[in-house]
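Here is what each chain is made of, one letter per residue.
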Amino acid sequence: MLFRFNTLAPSRLIQLSAHLSGQKRMFAGYTKTKFPLNTGAEIPAIGFGTWQDKESQEDAVFEALKAGYRHIDTARVYGTEPGVARGIQKSGVPRSDIFITTKLWNNSHHPDDVEKACDASLKDLQTDYIDLYLMHWPSPFAQSDKLFPKDGDKILAGKTDYVDTYKAMEKLVETGKVKAIGVSNFSKAELERLLKETSIVPAAHQIECHPYLQQPGFVKWHKEKGIHVTQYSPFGNANPVYEDGKNVPKLIDDPVLTDVGRKYGKNGAQVALAWGIAKGHSVIPKSKTPARIKANLDGDFKLDPDDVQKVDALDKKLRFNDPSESFGWNFYADLDGKK
Ligand SMILES: NC(=O)c1ccc[n+]([C@@H]2O[C@H](COP(=O)([O-])OP(=O)(O)OC[C@H]3O[C@@H](n4cnc5c(N)ncnc54)[C@H](OP(=O)(O)O)[C@@H]3O)[C@@H](O)[C@H]2O)c1
């Protein structure tokens, strides 16, 4: 008997895979859009973000895997790696079915610290490999056990060059502890220098990107270089931590998104995700709310080209995440949305 797995409703697939392979693999078998990385691996187009609400993440990750997500985004600094591990364990979904991204934090940029930091993430994630290991920011903090080493209120900057940090990450690939490496929050000039001075082309660059901050030239350049783009904060100013987002109406309520969505029976949030996927990007929405977790996964659908163009016209070059002042580094200097 032949099944077209990707056309079945998620709930039907869960029943079906439970029936076919028993409870241990109870949520396995659900497939949606994936994109190839320059390593030959594939990254599921929709991933599950886990920044903030640390205490909710075990349940949220469990709900996400139950709904059909197979890509989880975390980071050392979020403190959510243990919750992610517990959510995965509770789900019974095999590790090999899940794409896990985590990130090296700024206090561990010194080449002597990179493998130790990776080992700590592996331990907390209860796994022996990471699918994608990213340098979270190009900016080093002082070498420290503390995530935010400080002198008074001021974060202590480090001296390690991000090129040296990346070279230490390259060595991790040889150990098998990480399947792919990449970066996050780099400017174009920083990334150009990295490409020139290191051996492995980053598999992915995780950046703030959404219909209000599209950066068309920058994302096109990534395609030319074979670097996959992952969009973080895909709902723009939905994250309440973004102070600058409070003075602007919510991206996900933008009438263009909601009008386009009506045609497909989707909401504005789902259209924002579908737009990112139409660009060939993975998107990593976060939610601790079960109904939203499920709904966001249905943002994996195909927008007609004229609808993609309608969303393209929404670009406002609005950047919400810029910690330049507190981190002591001028991020995004050559990119859209820099204030
Ligand atoms: N590399 C980096 O520097 C970096 C920076 C930022 C984020 N990230 C990653 O990207 C992920 C996503 O970004 P983000 O957390 O900033 O923001 P986001 O996913 O764009 O938005 C999350 C916010 O939107 C709400 N929400 C989720 N689904 C919704 C829906 N369908 N309708 C209405 N509201 C909805 C969530 O609320 P509830 O949770 O209350 O439902 C939460 O407050 C993060 O979790 C993290 O993994 C990476």
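Each chain has its residues counted from 1, following the order in which its sequence is written. Per-residue local features are limited, in this predicted model, to residues with pLDDT of at least 70; the limit for side-chain atom pairs, both in listing and counting, is 80 or more; totals at the level of whole chains, interfaces and linings are taken over all residues.

**Details of the packing of helix α5 (residues 162-175) against helix α6 (residues 188-197)**
Filter applied, for reference: To obtain each axis, a line is fitted to C-alpha atoms, and for helices this fit is confined to the stretch in contact; angles are then taken between N-to-C directions over 0 to 180 degrees. Numbering of helices and strands runs from the N terminus; a helix is a DSSP stretch of H or I covering at least four residues, while a strand is a stretch of E covering at least two. The labels follow the angle: roughly parallel below 35 degrees, roughly antiparallel above 145, roughly perpendicular from 65 to 115, and oblique for the rest. Crossings are sorted by hand: turned counterclockwise from the far helix by less than a right angle, the near helix makes the crossing left-handed, and turned clockwise it makes it right-handed. Residue pairs qualify as contacts under a 7 Å threshold applied to their C-beta atoms, which are placed from the backbone.
Close contact between α5 and α6 brings their axes to 10 Å; oriented N to C, the two are set at 50 degrees. As the angle between them shows, α5 and α6 are arranged oblique. Crossing angle aside, the handedness with which α5 passes α6 is right-handed. Taken together, the residues of α6 that come into contact with α5 (itself represented by Y162, V163 and Y166) are E190, R193, L194 and E197.

**Examining the UniProt feature "active site" (unreviewed entry) in the chain**
Applicable threshold: UniProt positions are given in the numbering used here, feature names are shortened, and annotations may be inferred rather than shown by experiment.
Within this structure's numbering, the places UniProt gives as "active site" (unreviewed entry) are Y78. Among the secondary structure elements, Y78 is positioned in the loop between β4 (71-73) and α3 (81-91). Leave out the neighbours within four places in its chain, and Y78 touches T50 and W51.

**Topic: the nonpolar core**
Inclusion rule: Structurally, a nonpolar core is described as a collection of buried Ala, Val, Leu, Ile, Met, Phe, Trp, Tyr and Cys residues joined by way of C-beta atoms within 7 Å. Each residue is classified by how many other C-beta atoms fall within 10 Å of its C-beta atom, where C-beta atoms are placed from the backbone; a count of 20 or more means buried, 12 or fewer means exposed, and values in between mean partly exposed.
Core analysis: the biggest nonpolar cluster contains 71 residues, and V61, A64, L104, Y133, M169 and A272 have the highest contact counts within it. Broken down by element, the residue count for this core peaks at seven residues, all from helix α9 (residues 268-278).

**Quick look at the UniProt feature "site: Lowers pKa of active site Tyr" (unreviewed entry) in the chain**
Under the UniProt annotation, the feature "site: Lowers pKa of active site Tyr" (unreviewed entry) is placed at K103. Structurally, K103 can be placed in strand β5 (residues 99-104). Among the residues examined, K103 registers 25 C-beta atoms within 10 Å and is labelled buried.

**Some points on the sheet that holds β5**
This is how it is decided: Two strands are said to pair when DSSP picks up at least two bridges between them.
Here eight strands make up an open sheet; going across it, the order is β3-β4-β5-β6-β9-β10-β11-β12 and the pairing parallel. Two strands lie at the open edges of the sheet, namely β3 (48-49) and β12 (282-283), each paired on one side alone. In this structure, strand β10 (residues 204-208) lies alongside strand β11 (residues 228-232), joined through five bridges in parallel fashion. Bridging across to β11, H205 finds its partner in V229.

**Overview of the confidence of the model for the chain**
Heads up, the rule is: Confidence scores labelled pLDDT are given residue by residue by the predictor and lie between 0 and 100.
Taken as a whole, the chain shows an average pLDDT of 92; of its residues, 91% reach a score of 70 or greater. Here residues 1-26 is a poorly scored stretch, pLDDT under 50, and it has 27 contacts once near neighbours within four places are set aside; other chains count.

**Quick word on the site of the ligand**
As a reminder, the rule being used: Each residue gets a C-beta atom placed from its backbone. If that atom is within 6 Å of a molecule or strand, the residue is near it. Charged means Asp, Glu, Lys or Arg here, nonpolar means Ala, Val, Leu, Ile, Met, Phe, Trp, Tyr, Cys or Pro, and polar covers whatever is left, Gly included.
Surveying the vicinity of the ligand reveals 27 residues, the closest of which are G49, W51, F235, A238 and K286. Per-class residue counts for the shell around the ligand are eleven nonpolar, twelve polar and four charged.

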